[in-house]
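Fold and geometry: a report
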Amino acid sequence: KPLSNISGFDIERYKKERKEAGATSGTVNRELAVLSHIFNKANEWGWIDKRPKINRLKEDSGRTVYLTAEQAQNLLETAKQHQAEWIYPFILVALETGMRRSEILSIRIENINLEHRSIFIPKAKAGARTQPITKNLCEFLTEHLKTIEPEQEWLFSSNKSASGHLHWPRRAFRQVVQSAGLDPEQITPHTLRHTAITHLVQAGVDLPTVQRISGHKTLSMVARYSHQNGEHIMPAMDILEKRY
């Protein structure tokens, strides 16, 4: 359909169908943002004289789901027992870096720098960045890379994929989550990212540093994690008290 023929009704119908298909309000709003940008450029270039109004959906600013330290450890131990060899490394990288699923699955071996304990991510969501990693993850990767064929390009290689790396076999992850006694409808790969970031904040790491580790574009996107479970709030107040 030509841009000039897309009406406000069409957009409202699209929003309704996407919600009925199970998309979250946040996901639909990201899609609407793309559509809005297209209309703006078309108007700027003189392709259309007017554009329909696009009303965003109200997003839920509720509690971010994350794992406790015990749940995270149990998930890792459960992953070790699963027949899919990639699932344990995936969960370990996610919990010890806070990287996004797509960033993890597309790690090139040549971009892993064990000496500097970092992974270069050329196509991160907010732009290329160098991801720091924990000492524990560095030690795991040191041993893990010894088992990989010299010509292998990707950390999560797959000869069944056109890209050469895994594109999320959802079933294996759900099986591990369920075996660990967790709800696979609630615990997703993004939950692991939430978990890593939340625990950094709870440990008292300042938000600019958390932003540097997580790769968020703005501090405001990191700030929401400071409201998750106030375990770190009282120790902070104790520090203030000691200053006096």
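One structure accompanies this document, and this report is about it. Just so it is clear, the structure is predicted and the values come from calculations on it, not from any experiment.

Definitions and cut-offs
- Residues numbered from 1 in each chain as written.
- Predicted model: local features only at pLDDT ≥ 70, side-chain atom pairs only at ≥ 80, totals over all residues.
- Heavy atoms only, no water.
- Core = buried A, V, L, I, M, F, W, Y, C linked by side-chain atoms within 4.5 Å.
- Buried < 20%, exposed > 50% of the residue type's maximum accessible area, 1.4 Å probe, protein only.
- Helix = DSSP H or I, 4+ residues; strand = E, 2+ residues; numbered from the N terminus.
- Contact = heavy atoms within 4.5 Å.
- Expected span 1.5 Å × (residues − 1).
- 1 Å grid on protein atoms, 1.4 Å probe; cavity = no way out; pocket = protein on both sides within 12 Å on 5 of 7 lines; lining within 4 Å.
- Points joined across faces, edges and corners; volume = space filled by probe spheres on them.
- Nonpolar A, V, L, I, M, F, W, Y, C, P; charged D, E, K, R; others polar.
- Phe/Tyr/Trp six-rings, centres within 6.5 Å; stacked < 30°, edge-to-face > 60°.
- Pairing = 2+ DSSP bridges.
- Salt bridge = Lys/Arg side-chain N within 4 Å of Asp/Glu carboxyl O.

**Some points on the nonpolar core**
In terms of nonpolar packing, the biggest core is built from 40 residues, with Leu75, Trp86, Phe90, Ile91 and Leu192 touching the most fellow members. Mapped onto this core, the elements with two or more residues apiece are helix H3 (69–80), helix H4 (87–97), helix H5 (101–105), strand E2 (118–121), helix H6 (135–144) and helix H7 (170–179). In terms of residue count, H4 provides more of this core than any other element does, 8 residues in total. Residues contacting isoleucine 91, with those up to four places away along its chain left out, are Leu75, Leu76, Ala79, Phe173, Val176 and Leu192.

**Regarding helix H8 (residues 189–202)**
The end-to-end C-alpha distance of H8 is 20 Å, a good match for the 20 Å that 14 residues give at a rise of 1.5 Å each. Taking burial as the measure, the 14 residues of H8 include 11 buried ones, the bulk of the element. Among the residues of H8, Pro189, Thr191, Leu192, Arg193, His194, Thr195, Ala196, Ile197, Thr198, Val201 and Gln202 are the ones counted as buried. Considering only its buried residues, H8 is in contact with H3, H4, H5, H7 and helix H9 (207–214).

**Overview of the layout of surface pockets**
Roughly 530 Å³ of volume is contained in the second largest pocket. Lining the second largest pocket are 21 residues, and of these Arg100, Arg101, Ser102, Glu103 and Ser106 lie nearest its centre. Broken down by secondary-structure element, the contributors of at least two residues to the lining of the second largest pocket are H5, E2 and H8. Grouping the amino acids of the lining of the second largest pocket by side-chain chemistry returns 9 nonpolar, 5 polar and 7 charged.

**Considerations on the packing of aromatic side chains**
One pass over the structure, following the stated rule, counts 8 aromatic pairs. Considering the side-chain rings of tryptophan 86 and phenylalanine 90, the 6.2 Å spacing of their centres and the 75 degrees angle between planes classify their relative orientation as edge-to-face. Take tryptophan 86 and phenylalanine 90: they sit in the same class, and that class is buried. Both rings, one in tyrosine 88 and one in phenylalanine 140, keep their centres 5.6 Å apart while their planes meet at 75 degrees; by these two values the pair is edge-to-face.

**Some words on the pairing of E2**
One ladder, built from 2 bridges, connects strand E1 (residues 112–113) with E2; its direction is antiparallel. Across the sheet, residue isoleucine 112 finds its bridge partner in E2, namely isoleucine 119. Turn length for the E1-E2 hairpin, with the two strands adjacent in sequence and antiparallel, is 4 residues, and the turn residue arginine 117 shows positive phi of about 50 degrees. When E2 meets strand E3 (residues 129–132), the two strands line up antiparallel, connected through 4 bridges. Residue isoleucine 119 lies in a different strand from E3, and its bridge partner there is glutamine 131.

**Considerations on the pattern of salt bridges**
Scanning all chains against the criterion turns up 12 salt bridges. Taking the shortest distance from any N to any O, the salt bridge between glutamate 103 and arginine 129 comes out at 3.0 Å. Placement of glutamate 103 in helix H5 and of arginine 129 in strand E3 is noted, with a sequence separation of 26 residues between them. Residue glutamate 103 shares its accessibility class with arginine 129, and that shared class is buried. The residue glutamate 153 makes a salt bridge to arginine 108 at a minimum N-O spacing of 1.9 Å. With glutamate 153 in the loop between H6 and H7 and arginine 108 in the loop between H5 and E1, the pair connects residues that are 45 residues apart, well separated along the chain. Beyond isolated ion pairs, a larger network of salt bridges with shared partners links Lys1, Asp10 and Arg13.

**Considerations on the sheet that holds E1**
Taken in spatial order, the 3 strands line up as E1-E2-E3 in an open sheet, and their pairing is antiparallel. Sheet topology places E1 and E3 at the edges, where each strand pairs with a single neighbour.

**Some words on the environment of proline 208**
In this structure, proline 208 sits in helix H9. For proline 208, a relative accessible area of 47% corresponds to the partly exposed category. Sequence separation between proline 208 and alanine 223 is 15 residues, and the spatial gap between their C-alpha atoms is 9.6 Å.

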